[in-house]
Amino acid sequence: MSPTHTQVIEDVAHRLFDAIERADKDGVARLWADDVAVWHSGDSRDNDRARALKVIDWFIEATGARRYEVLDRQFFDGGFVQQHVLHATARDGALIALRVCIVIKVGTDGLIHRIDEYFDPKDIAPLFI
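The numbers attached to residues start from 1 for each chain and follow its sequence in the written order. Totals for whole chains, interfaces and linings use all residues, but because this is a predicted model, local features are given only for residues with pLDDT of at least 70 and pairs of side-chain atoms are given and counted only at 80 or more. Excluding hydrogens and water, the side-chain values take into account all heavy atoms of the structure.

As for the pairing of strand β4 (residues 95–106)
For every residue, the accessible area (1.4 Å probe, protein chains only) is compared with the maximum for its type, and the residue is labelled buried under 20%, exposed over 50%, or partly exposed between those bounds. Numbering goes from the N terminus for both helices and strands, where a helix is a DSSP run of H or I of at least four residues and a strand is a run of E of at least two. Only one face of β4 is buried: it carries Ile96, Leu98, Val100, Ile102, Ile104 and Val106, and the other face, with Leu95, Ala97, Arg99, Cys101, Val103 and Lys105, is open. Direction of pairing for strand β3 (residues 79–90) relative to β4: antiparallel, over a ladder of eleven bridges. The residue of β4 that forms the bridge with His87 is Ala97. At least two DSSP bridges between two strands are required for those strands to pair. What sits between β3 and β4 in their antiparallel hairpin is a turn of four residues, with Gly93 showing a positive phi close to 95 degrees. The pairing of β4 with strand β5 (residues 112–118) spans six bridges and is antiparallel. Among the inter-strand pairings, Val103 is bridged to a residue of β5, identified as Asp116. Here β4 folds back onto β5, and the loop between the two strands holds five residues, one of which, Gly110, carries a positive phi near 80 degrees.

Now the structure itself:
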C-alpha cells in the first residue's frame, strides 16, 4: 500500500470518528459511498446506506456527548481495523462505555465502502431506556 493511500485512509478514519463525536451527521454521510454496506453485531444482514445513516442519526440523537478512546488502529491494503472504547452519555445522563472492534474498507475514491462493527449489544442497552 502506498504511503499516499495510507494517508487517505488515515484521514478518513480521523474524519469519521471526529464527525460522530461532533454530531456532524452530514460529515459522516459525505464519507460513505453510495453503495456502502454496514453490518453491526446482532444484525442479520448488511444495512444499506440509508438504513445505516438512520442508525447514526439515532445514536447521535440518543446521546448528548460522545468520545472515542482509540486502543489500536492497524492499516491494511484498502482499509483499517480499529479497537476503541466509545464513551457516551445518554440524554437521561446514563453513561456507556462500549468496547468495539471495527473493520472499515476505503475505496480508491477515498470513500468508505464497507463497515463491520463488533460489540456486545448489551453494552448499549442504557440508550434504549
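Observations regarding the layout of surface pockets
Where empty space is left in the structure can be found by rolling a water-sized probe over the atoms. A 1.4 Å probe that fits but cannot get out identifies a cavity on a 1 Å grid over protein atoms alone, an open set with protein on both sides within 12 Å along at least five of seven lines counts as a pocket, and a residue lines either if it has an atom within 4 Å of a point. Grid points are joined across faces, edges and corners, and a volume is the space filled by probe spheres set on the points. Reported here for the largest pocket is a volume of approximately 600 Å³. Surrounding the largest pocket, 29 residues form its lining, His40, Val55, Trp58, Glu117 and Phe119 being those nearest its centre. Those elements giving two or more residues to the lining of the largest pocket turn out to be α1 (3–21), β1 (32–40), α3 (49–62), β4 and β5. Examining the composition of the lining of the largest pocket, we find that seven residues originate from one element, α3, more than from any other.

Side note on the sheet that holds β5
Spatially, the five strands line up as an open sheet ordered β1-β5-β4-β3-β2, and their pairing is mixed. Each of the sheet's edge strands pairs with one partner strand only, and the pair in question is β1 and β2 (63–76). Each adjacent strand pair in this sheet contributes to an overall mean axis angle of 25 degrees, direction not counted. Bridge count for β2 against β3 is twelve bridges, and the pairing is antiparallel. Paired with Ala65 across the strands is Thr89, a residue of β3. Contacts from α3 reach β1, β2, β3 and β4 within the one sheet, and its direction differs from that of β1 by about 65 degrees. In this description, a line fitted to the C-alpha atoms serves as the axis of each element, helices being fitted only across the stretch in contact, and the angle between N-to-C directions of two axes falls anywhere from 0 to 180 degrees. Contacts are assigned to residue pairs with any non-hydrogen atoms lying within 4.5 Å of each other.

Re the UniProt feature "domain: SnoaL-like" (unreviewed entry) in the chain
UniProt positions are given in the numbering used here, feature names are shortened, and annotations may be inferred rather than shown by experiment. UniProt records the feature "domain: SnoaL-like" (unreviewed entry) for residues 14–114 in the present numbering. Counted over residues 14–114, helix gives 29% and strand 50%. Its end C-alpha atoms are 16 Å apart.

Section: the pattern of salt bridges
Salt bridges are defined as contacts in which a side-chain nitrogen from Lys or Arg sits within 4 Å of a carboxyl oxygen from Asp or Glu. In total, this model carries nine salt bridges according to the counting rule given. Across the pair Asp11 and Arg15 runs a salt bridge whose closest N-O atoms are separated by 2.7 Å. Residue Asp11 and its partner Arg15 are both found in helix α1; the two are separated by four residues, about one turn of the helix. Overall, Asp11 belongs to the partly exposed group, its relative accessible area being 35%. Relative accessible area serves as the criterion here: at 38%, Arg15 is assigned to the partly exposed category. Salt bridges here are not isolated pairs; linked through shared partners, they connect Asp18, Arg22, Asp24 and Arg30.

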